Amino acid sequence: MSDKIGIYVCECGPNISGRVDIDRIIAEISNLEEFSDKELIVKPHKLLCSVGGKAFLEEEIKNNELTHLVCAACSPRDHDTTFINVCKKTQLNPYMYTIVNIREQCAWIIPDKEKATDKAIQYIRGGIDRVLYQEPLFEKQLESNPDVLIIGGGMAGLTAALVLAGKSRNVYLIEKTSILGGKAALFSEFLPHQSDIADLKNKIKEVENNQYIRIFRNTELEKIVGFLGNFEIVLKQNQTGDTTDLLAGAVILANGYELMDARELDNFKYTDADNVFTGLEIEEMLTSQGKITLRSGEKPRSAALIHCVGRKEAGYCSQVCCNYLLKTAGYLLKQVPGIEIIDLHQDLCQPHTEDQAYFESFKEKGMQFCRVQEVALDGNKIEYVNMAGEKKEIAPDMVIIAPAMKATASNEALSALTSIDLHETGFFQEAHIKINPVSTKTDGIFIAGASRGPCDISEAMIQAQAAGGKILTQLIPGEKIIPEVKVSEILEAYCTGCKTCLDVCAYGAIYFDNERGISVVNEAICRGCGNCVGSCPSGALRSRHFTNLQLYQQVKEALR
Amino acid sequence: MNPSDKILVIGSGIAGMEASLMLSKAGKKVYLVERLPLIGGNVIKTGESFPNMDCSTCLVAPIQQLILQDKNITVLTVSKVEKVIGKAGNFGVSLTKKARYVNIAACLGCGMCYPVCPVSQPNFWEQGLVEKKAIYVECAGSLPNVPVIDPSLCLRLNGSEECNLCAETCIFGAIDFSEKDELLEENFAAIIVATGFSTLDARIIKNLGYGKFAGVYTAYEIERLLASNGPTEGVIKMRDGERIPEKIAIIHCAGRKEVGYCSNVCCSYPSRYAHFLTEKVPGVKIFDIYGDLCFPDKAYQKLNYETRKEKAEYLFSADLEKLEISEESDKLKIKYPDAGNQHKELLVDMAILAVAITPPAGLEDLTELLEIERDKYGFVKAETGSVNTTRDGIYVAGCATGPRDIQSSVLQSEAAVGQILRFLQD
Ligand SMILES: Cc1cc2nc3c(=O)[nH]c(=O)nc-3n(C[C@H](O)[C@H](O)[C@H](O)COP(=O)(O)OP(=O)(O)OC[C@H]3O[C@@H](n4cnc5c(N)ncnc54)[C@H](O)[C@@H]3O)c2cc1C
Ligand SMILES: Cc1cc2nc3c(=O)[nH]c(=O)nc-3n(C[C@H](O)[C@H](O)[C@H](O)COP(=O)(O)OP(=O)(O)OC[C@H]3O[C@@H](n4cnc5c(N)ncnc54)[C@H](O)[C@@H]3O)c2cc1C
Ligand code: SF4
Ligand code: SF4
Ligand code: SF4
Ligand code: SF4
Ligand code: SF4
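All values reported here derive from a predicted model rather than from experimental measurement.

Peer 1: Go over the overall build of chain B, please, and point to the residues and values.
Peer 2: Counting secondary structure elements, chain B contains 10 helices and 24 strands. Here chain B holds 426 residues, and the buried ones make up 60% of them. Across chain B, every contact between residues at least 6 apart in sequence was considered, and the portion connecting residues at least 24 apart equals 65%. Accessible surface, chain B: about 16600 Å² in total, of which carbon and sulfur atoms supply 50%. Looking at chain B, you have 46 positive and 55 negative side-chain charges, and the mean spots of the two groups are 2 Å apart.

Printed below as a string of structure tokens:
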């Protein structure tokens, strides 16, 4: 079949036609010598993107049996997809079309009409020579597995499991310890506005009784390979060392947090014999012995709460400790009427509408609040500097500290297994901090709860539902997955096996084939970003819709 | 069509848009109802957004484009929910789609029609900093990029004159004075309320002098002055159009006492102001006067530390509620109790108020019509750790439930989609 190239020049109303000479474009392009062996069809149109314009284009492609299409119009940002969709209605493979931007790049920026017209002609010539070297590409469809693996049985993991499990989707929930609930299982109470979640035991029961959720206790992830819709997974039982093989389409990392050890800080010196407790230790004490006491078993008559322990070193605010310290103060006030409590804080973080009133209720109860610049602890002796710069010393019976929440060692281990990134704070890195907060750079792997950053239970639950929402939209039972078409490939004959590209690919799409001694692109993971192409010292990498030849021809023709 | 395949999303801010796109991806049909002529919500008012300072338009415009091109999403701008009957799984909803008087399919957004219009009105989307015509788009880059005619001001539509100037100018014949408000009746399986927020009318905060002293600005006024598509194309000048501020004070927590809660984002966006103001106004000195600092994300505190190191001086006030602004010749005098509760004064050219976030105007009516409860601050009440409202089948996402950043708004909308798809699966 001989080449038949359609070139359609959009006037965009007066937007293009007012600033470039459409007639001259049509005349010059129709008579280009270098394409004299090809059949060119060159036509203007008032408004290619309009309903009429699209119908016109569709007819032209079909009636002229075009093999290549060039639309000289506006920015691909505006209408690339518009014209691709037109191609999809015809015999023309959409990868045999290209858009040339003669509006933003010519008409709108060059005041001189003749010069703008010259540039538009150059660009269109470049477009024609590019499209001639394009190749048809075809979408692939891959089977996908709708099941989901959830790592961590805290509030985030439990919530996600309940959103996802159902008739057509199994959930595998793995928990490193023997109990479900995470840190929340230790808490005697939640915050006052959280009455709805007080029933943690019921939630755990609901998960345990759900026939579509399979729980693996004392279990961790051993190995994972694959991509969205097709992950091969190996789990390992901690005590027996037994392994289980599973298939799943998506993974949620919900492995939680731990508290920083305050004794690592220069200005916090205390031992296990001192009456210094972390917030979690108080919760544990209350759950195990039903009351809060000093190590001697006596009731404390005075207590100090210290906020923001290690906040500066950690580099972030832990968001929940201001509130849970108040909750702890509430326990103390209830148990030891008349107890004197001083609250030493640097800031009060009250990011929810309910928080300020909660705080004010403690002011009314006679608790003393003091803002400090610095705090140091030696046993139960506290030295602090208030905002006016005065140094003070106190020695309350009991000291309760709020060390920074931090990422656990599991984050590093899971990051190594899944190749998703860690944020500089050690928490998981989201795909986009604002508009894609539970996805990661690897499709099919999601993050929720305190392993992606400090959060309270309410937020951990919202994140878990968000991850659930993402999976429910991306992994629909019975539907196939269509991976990116414009991917990169490695030409076996050129690859020397230097492995440079393996480091460059941010998506972990390239693997090394030991037998053949070359690298291979996994097309289901590759996003076609092209980073690897530039890195290959042997020229073995080729980006399918952006080959060197295509780009060279386009530039060469445009500069002719 | 089966109602179980249709979802109504009210409000087209970042929360409503993200939810709509996800639902479409899951094969649902979405009606996205927005009361303004443009989609995008409040994020598009801010030229850039924290923490990573990326350009908001670059962040949101591709999302807006996807929405407008999505075959599963019907976008109804200048529209209103009128009535809701039925229950989860099958709500019967009446909507008015107000006349735009410009045919969206025919208009190219060339912008030829508004300069010729003889009628002007204040542009409140631009915080009243500029005027717009009776036929207008709110700002350059509005999407859909199609003007709308205000029927109460248009001389022809309000019957005062036989004006036809815009129609004569439009060579695409896109102006259509015969367009009528339409009443639509549709059935939906579920509803997401994503109506966002307003900010407190700063005039209410007595001691800060907003509205009285020209040098006092609200956060959104500064956002629009900083934005390259704003009234000054991103050039920072005082209201007289000439003076360039040399000293600027940013007052945190403005109106916090009046509303009774922390607004969650106003500790972080001043970092952005410091960043861009120091870039745009060489030599400018910036002071942040604050009482508490709240950084609800792992990345926000670092941003603050960097700002304090290089770009702004942070002044702690032991009692921000006592801060007072007065005018002294062409300067503003700020009196406040410092860290040791000692009286301090600061002379500046400009004061920026980080004004509290409030429920959006009209939320009361909407919640009544939807029969969902509001919390004691007036936001939509949600179950803890959830996006469920007090009525089955109606979910809430974004600032409609209280102040939050973009991240948290998006999280909620994704969670709402999770709940809806879960509900429809069973
Ligand atoms: C003292 C204190 C009091 C608090 N009080 C409140 C409160 O009242 N209200 C509130 O909203 N928030 C409160 N919080 C915050 C709350 O603890 C967290 O928001 C919540 O626990 C986060 O839930 P999560 O599921 O993300 O993590 P976690 O609760 O940490 O759960 C993570 C789970 O994952 C498991 N796990 C870890 N690594 C692995 C692995 N590699 N493989 C498998 N499983 C793994 C863990 O064993 C754990 O069960 C408090 C925090 C503290 C420190
Ligand atoms: C000054 C300022 C600066 C900020 N800067 C940042 C920043 O840099 N980074 C960041 O992360 N966050 C920032 N934020 C917060 C951010 O703006 C919000 O998180 C975000 O806009 C919330 O999105 P939303 O969709 O919930 O609401 P909105 O953006 O408010 O959108 C709601 C939409 O619903 C429409 N609507 C309202 N009522 C109705 C109704 N009854 N019917 C139909 N439609 C209706 C509105 O017209 C609007 O289009 C800032 C906030 C302020 C005040
Ligand atoms: S939540 Fe409160 S105590 Fe915790 S780091 Fe933040 S400001 Fe400090
Ligand atoms: S094109 Fe990008 S995603 Fe694909 S293999 Fe190369 S670097 Fe990885
Ligand atoms: S960089 Fe090139 S030569 Fe080296 S392994 Fe990758 S494809 Fe092969
Ligand atoms: S109505 Fe007409 S003149 Fe106005 S912007 Fe649209 S196309 Fe241009
Ligand atoms: S017809 Fe109305 S909108 Fe058009 S120019 Fe006249 S007054 Fe303006």
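Peer 1: Now, about the overall build of chain A: what can you tell me, with residues and values included?
Peer 2: Scanning chain A from N- to C-terminus turns up 17 helices and 26 strands. Computed over C-alpha atoms, the radius of gyration of chain A comes to 32 Å, more than 25% over the 24 Å expected from 2.2 N^0.38 for 560 residues, which places it beyond the range of a compact globule. Across its three principal axes, chain A shows a C-alpha extent of roughly 100 × 60 × 45 Å. Across the 560 residues in chain A, those meeting the buried criterion constitute 57%. Put simply, of all contacts in chain A between residues at least 6 apart along the chain, 68% involve residues at least 24 apart. Carbon together with sulfur atoms contributes 48% to the accessible area of chain A, which is approximately 24100 Å² in total. Taking the average location of the 59 positive side-chain charges in chain A and that of its 75 negative ones, the two points are 2 Å from each other.

Peer 1: Could you give an account of the packing of helix α11 (residues 321-335) of chain A against helix α12 (residues 355-364) of chain A, naming the residues involved and the relevant values?
Peer 2: All names here are of chain A. Where α11 meets α12, the axes come as close as 11 Å, and the angle between the chain directions of the two elements is 35°. Handedness of the α11/α12 crossing: left-handed. Every residue of α12 that contacts α11 at Asn-323, Leu-326, Lys-327, Ala-329, Gly-330 and Leu-333 is listed here: Asp-355, Tyr-358, Phe-359 and Phe-362. Looking at the contact of α11 with α12 residue by residue, the classes come out as six nonpolar, two polar and two charged.

Peer 1: Residues and numbers for helix α8 (residues 200-209) of chain A, please.
Peer 2: Because each turn of an α-helix spans 3.6 residues, side chains separated by three or four positions end up pointing in the same direction. Residue and element names in this part refer to chain A. What α8 keeps buried is the set Leu-200, Lys-203, Ile-204 and Val-207. Looking straight down α8, one finds its buried side chains confined to an arc of 100°; they lie on one side. Of the exposed residues in α8, those oriented more than 90 degrees away from the buried face are Lys-201 and Asn-209. Here the buried face of α8 lies against α7 (155-164), β6 (171-174), β7 (213-216) and α14 (457-474).

Peer 1: I'd like a rundown of the pairing of strand β25 (residues 518-521) of chain A, residues and numbers included.
Peer 2: Residues and elements named next belong to chain A. With burial as the criterion, each face of β25 is covered, one bearing Ile-518 and Val-520 and the other bearing Ser-519 and Val-521. The pairing of strand β24 (residues 510-513) with β25 spans four bridges and is antiparallel. Bridge assignment links Tyr-511 to a residue of β25, and that residue is Val-520.

Peer 1: Which residues make up the interface of chain B and chain A, and what values do they have?
Peer 2: Listed per partner, the contact involves 62 residues of chain B and 65 residues of chain A. A buried area of about 5200 Å², summed over both sides, lies between chain B and chain A, and 55% of it is on carbon and sulfur atoms. Taken together, the links from chain B to chain A amount to six salt bridges. Across the salt bridge formed by A:Glu424 and B:Lys302, the nearest N and O atoms sit 3.0 Å from each other. The tally of links from chain B across to chain A stands at 29 residue pairs in polar contact (both at pLDDT 80 or more). Of all the elements in the fold, those that place two or more residues in the side of chain B that touches chain A are α1 (14-25), α2 (56-69), α8 (300-310) and α10 (406-425) of chain B.

Peer 1: Describe the domain arrangement of chain B, listing the residues and the values that go with them.
Peer 2: All names here are of chain B. Parsing chain B into structural domains produces domain 1 (3-98 + 182-197 + 359-425), domain 2 (99-180) and domain 3 (200-357). A straight line from the C-alpha centre of domain 1 to that of domain 3 covers 31 Å. Both faces considered, domain 1 and domain 3 share a buried interface measuring about 1800 Å² in area, 68% of it formed by carbon and sulfur atoms. Taken as a group, Phe-50, Met-53 and Pro-403 account for 33% of the area that domain 1 buries against domain 3, more than any other trio of residues on that side.

Peer 1: Break down the nonpolar core for me, with residues and values.
Peer 2: Ranked by size, the top nonpolar core spans 188 residues in total, and within it A:Ile252, A:Met398, B:Ile192, B:Ile325, B:Ile334 and B:Leu353 carry the most contacts. When residues in this core are grouped by element, the largest group, nine residues, is from α14(A). Counting 68 residues, the second-largest nonpolar core is a separate cluster that includes A:Val42, A:Ile124, A:Ile128 and B:Tyr101.

Peer 1: Residue-level account of the sheet that holds strand β1 (residues 4-10) of chain A, with values.
Peer 2: Residue and element names in this part refer to chain A. On the basis of which strands lie adjacent, the open sheet formed by four strands has the order β2-β1-β3-β4 and parallel pairing. With partners counted over all chains shown, the strands left at the sheet margins are β2 (39-45) and β4 (97-101), one partner each. Between one strand axis and the next, the sheet turns through 15° on average, direction left out of account. Strand direction decides the pairing type here: strand β3 (residues 68-73) and β4, joined by five bridges, are parallel. Along β4, the bridge assignment pairs Cys-71 with Ile-99.

Peer 1: How would you summarise the pattern of salt bridges if you had to cite specific residues and measurements?
Peer 2: Residue and element names in this part refer to chain A. This model, assessed by the stated rule, comprises 59 salt bridges over all chains. Residue Arg-516 pairs with Asp-513 through a salt bridge whose shortest N-O separation is 3.0 Å. According to the relative accessible area criterion, Arg-516 is partly exposed, its value standing at 44%. Ionic contacts of the salt-bridge type, sharing partners, join the residues Glu-135, Lys-140, Glu-489, Glu-523, Arg-542 and Arg-544 into one network.

Peer 1: So what about the packing of aromatic side chains? Which residues, and what values?
Peer 2: Each aromatic ring pair is specified by the distance between its two centres and by the angle formed by the two planes. Residues and elements named next belong to chain B. Per the counting criterion, the structure on display carries 14 aromatic pairs over all chains. Ring centres of Phe-50 and Tyr-300 lie 5.1 Å apart, and the angle between their planes is 90°; this geometry places the pair in the edge-to-face category. Note that Phe-50 is positioned in the loop between β3 (48-49) and β4 (54-55) and Tyr-300 in helix α8, a separation of 250 residues in sequence. Residue Tyr-300 is classed as buried on the basis of its relative accessible area, which comes to 2%. Within the aromatic cluster, the residues linked to one another by ring pairs are Tyr-261, Tyr-377 and Phe-379. Directly above the ring of Tyr-136 sits Lys-132, whose terminal nitrogen or CZ lies 3.8 Å from the centroid.

Peer 1: So what's going on with the site of ligand 6? Residues and values would help.
Peer 2: The immediate surroundings of ligand 6 are formed by B:Val102, B:Cys107, B:Leu108, B:Gly109, B:Cys110, B:Gly111, B:Cys113, B:Pro147, B:Cys170, B:Phe172, B:Ala174 and B:Ile175. Across the shell around ligand 6, the residue classes tally to 10 nonpolar, two polar and no charged.

Peer 1: How would you summarise the state of the cysteines if you had to cite specific residues and measurements?
Peer 2: Enumeration over the complete set of coordinates arrives at zero disulfides over all chains. Free of any disulfide, B:Cys399 has its nearest cysteine sulfur in B:Cys266, 11 Å distant.

Peer 1: Tell me about the sheet that holds strand β13 (residues 190-193) of chain B, and please be specific about residues and values.
Peer 2: Residues and elements named next belong to chain B. Strand order in this open sheet of five strands is β5-β2-β1-β13-β24, and the pairing throughout is parallel. Both edges of this open sheet fall to β5 (73-76) and β24 (394-396), since each of them pairs with a single strand only. Going from strand to strand, the sheet's axes swing by 20° on average, the running direction of each strand aside. Of the strand pairs in this sheet, strand β2 (residues 29-33) and β5 are connected by four bridges, and their pairing is parallel. From the neighbouring strand, Tyr-31 faces β5, where its bridge partner is Thr-74.

So, how was this worked out
Residues numbered from 1 in each chain as written. Chains lettered and ligands numbered in written order. Predicted model: local features only at pLDDT ≥ 70, side-chain atom pairs only at ≥ 80, totals over all residues. Heavy atoms only, no water. Helix = DSSP H or I, 4+ residues; strand = E, 2+ residues; numbered from the N terminus. Buried < 20%, exposed > 50% of the residue type's maximum accessible area, 1.4 Å probe, protein only. Contact = heavy atoms within 4.5 Å. Areas by Shrake-Rupley, 256 points an atom, 1.4 Å probe, with all protein chains shown as cover. Lys, Arg positive; Asp, Glu negative; His and termini not counted. Charge placed at Lys NZ, Arg CZ, Asp CG, Glu CD. Rg over C-alpha atoms; globule rule 2.2 N^0.38 Å. Axes fitted to C-alpha atoms, helices over the stretch in contact; angles between N-to-C directions. Left-handed = near helix turned anticlockwise from the far one by under 90°. Nonpolar A, V, L, I, M, F, W, Y, C, P; charged D, E, K, R; others polar. Arc of directions from axis to C-beta. Pairing = 2+ DSSP bridges. Buried area = accessible area lost by both parts, 1.4 Å probe. Salt bridge = Lys/Arg side-chain N within 4 Å of Asp/Glu carboxyl O. Polar contact = N/O pair within 3.5 Å; in protein donor to acceptor, adjacent residues only side chain to side chain. Domains from an automatic or database assignment. Core = buried A, V, L, I, M, F, W, Y, C linked by side-chain atoms within 4.5 Å. Phe/Tyr/Trp six-rings, centres within 6.5 Å; stacked < 30°, edge-to-face > 60°. Lys NZ or Arg CZ within 6 Å of the ring centre and 35° of its normal. Near = heavy atom within 4 Å. Disulfide = S-S within 2.5 Å.

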